[in-house]
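# Structural features, examined
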Amino acid sequence: HPELAAFAIARPDQLDRSLPRHADGWVRALDDGQVARYAVLLDAIIAAVPGDVACEILSTHPYPLRRAVERHGLGRFRVTQKADLDRADDGYRGENARPEDWIMLGNHDTPPIRAVAARWMADGSARGRAHRLAARLVPDPAGREAFARAAAASARALAQASFAELFLGPARQVFVYFTDLLGETASYNVPGTVSQENWSLRIPADVRARYRARCAEGAAPSVPRALAAALRARGGAFSAAHAGLASALEAADPAGGSAR
């Protein structure tokens, strides 16, 4: 735009005009000086904040933003319940994460995993989700079909497998929202709506006892069982070296060995 050109950071030759203007790759290249101009506010925040900074970058990740956060070794949020199984390069798939990323089942604006898994069962997508999880969590190909069948047959099993995937890496930071941890079915917030229920859920005072009780009945995902599954998923020498830890975690599972 001729009246806005004076404010542009990217040059015309750095644009990919074969893409729509909103595409992440609309700007395809930047030099270091241009990145510094895009990053001026983020640089100021990093300089002012003495601790860690997390960037809530969700479905879109434009190239200028990616270059700006990379200056500081920051990652993005990966919300795995939103993963598109038809796109191998989808940003929400856990295997596409980077070590500096944060990975999570959901956040304040998504339904809890217990409700999401029930929806997958109802809309027929549970089988595809289960097979993808089996490929990540079961190192022996011979055991994947049985794992996938079991996960696809139960919303609780599917939610537990989805939870275990968070700990596989390569993302090094795992974020678990309290509605997912406690096996809630109500959403904390439904975006784009006005409701008395939005933003009103609270962590109960008896949270430890409630979590253990819900784990015992299979209504909430088990942290020890998820960690054990992630340790075993690596296979080979790594899993052999950590077999004792995996067994100890399974023994600490509030649901007991029958829920493995």
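### Brief notes about the packing of helix α5 (residues 126–137) against helix α7 (residues 155–165)
- Closest axis-to-axis distance for the α5/α7 pair is 10 Å, and the angle between their directions is 40°. Classified by the angle their axes make, α5 and α7 are oblique. Read as a crossing pair, α5 and α7 show a hand that is left-handed. Residue-level inspection shows A126, R129, A130, R132, L133, R136 and L137 of α5 in contact with α7, the latter providing L158, A161, S162, A164 and E165.
- A breakdown of the residues in the contact of α5 with α7 according to their chemical character gives 7 nonpolar, 1 polar and 4 charged.

### So, the sheet that holds strand β2 (residues 102–104)
- What the 3 strands build is an open sheet, ordered β1-β2-β3; its pairing is parallel. Only two strands of the sheet have a single neighbouring strand rather than two, namely β1 (77–79) and β3 (173–174).
- Sheet topology places β2 next to β3; 2 bridges connect them, and they run parallel. Bridge pairing in β3 places W102 opposite Q173.

### A look at the packing of α5 against helix α6 (residues 144–152)
- Where α5 meets α6, the closest approach of the two axes is 8 Å, and the angle between their N-to-C directions is 140°. In this view, α5 runs oblique relative to α6, as classed from their interaxial angle. Here α5 and α6 pass one another in a crossing that is right-handed. In contact with A126, R127, A130, H131, L133, A134, A135 and L137 of α5, α6 contributes R144, E145, F147, A148, A151 and A152.
- Partitioned by chemical class, the residues of the contact of α5 with α6 number 10 nonpolar, 1 polar and 3 charged.

### Let's talk about the side chain of H61
- For H61, the location among the structural elements is in the loop between α2 (40–48) and α3 (63–70).
- We classify H61 as buried; its relative accessible area is 15%.
- If near-sequence neighbours (up to four positions away) are discounted, H61 is found in contact with D24, R66, V69 and R76.

### Topic: the nonpolar core
- I113, W120, A130, L137 and L158 are the most contacted members of the largest nonpolar core, which has 26 residues in total.
- L137 has contacts with F147, A161, A164, E165, L168, A229 and A233, leaving out every residue within four places of it along the chain.

### Quick word on unusual backbone geometry
- Here the amide bond leading from G169 into P170 is cis, since omega sits at 5°, within 30 degrees of zero.
- The phi angle at W199 is positive, at roughly 65°, despite the residue not being glycine.
- A relative accessible area of 44% places W199 in the partly exposed class.

### A look at the packing of aromatic side chains
- In the structure shown here, the tally under the stated rule is 6 aromatic pairs.
- Between the aromatic rings of Y177 and F178, the centroid separation amounts to 5.1 Å while the plane-to-plane angle is 45°, which identifies the pairing as tilted.
- Here the aromatic cluster, defined as three or more aromatic residues joined through ring pairs, consists of F175, Y177, F178, Y188 and W199.

### A few points about the environment of G143
- Tracing the chain through its elements places G143 in the loop between α5 and α6.
- Along the primary structure G143 and R214 are separated by 71 residues, whereas in three dimensions their C-alpha atoms are 28 Å apart.

### Brief notes about the environment of T60
- Tracing the sequence through the fold places T60 in the loop between α2 and α3.
- Taking the C-alpha atoms as reference, T60 lies 8.3 Å from A23; in sequence the two are 37 residues apart.

Reading guide: rules and limits
Residues numbered from 1 in each chain as written. Predicted model: local features only at pLDDT ≥ 70, side-chain atom pairs only at ≥ 80, totals over all residues. Heavy atoms only, no water. Axes fitted to C-alpha atoms, helices over the stretch in contact; angles between N-to-C directions. Helix = DSSP H or I, 4+ residues; strand = E, 2+ residues; numbered from the N terminus. Parallel < 35°, antiparallel > 145°, perpendicular 65-115°, else oblique. Left-handed = near helix turned anticlockwise from the far one by under 90°. Contact = heavy atoms within 4.5 Å. Nonpolar A, V, L, I, M, F, W, Y, C, P; charged D, E, K, R; others polar. Pairing = 2+ DSSP bridges. Buried < 20%, exposed > 50% of the residue type's maximum accessible area, 1.4 Å probe, protein only. Core = buried A, V, L, I, M, F, W, Y, C linked by side-chain atoms within 4.5 Å. Phe/Tyr/Trp six-rings, centres within 6.5 Å; stacked < 30°, edge-to-face > 60°.

These figures come from the coordinates and say nothing about function on their own.
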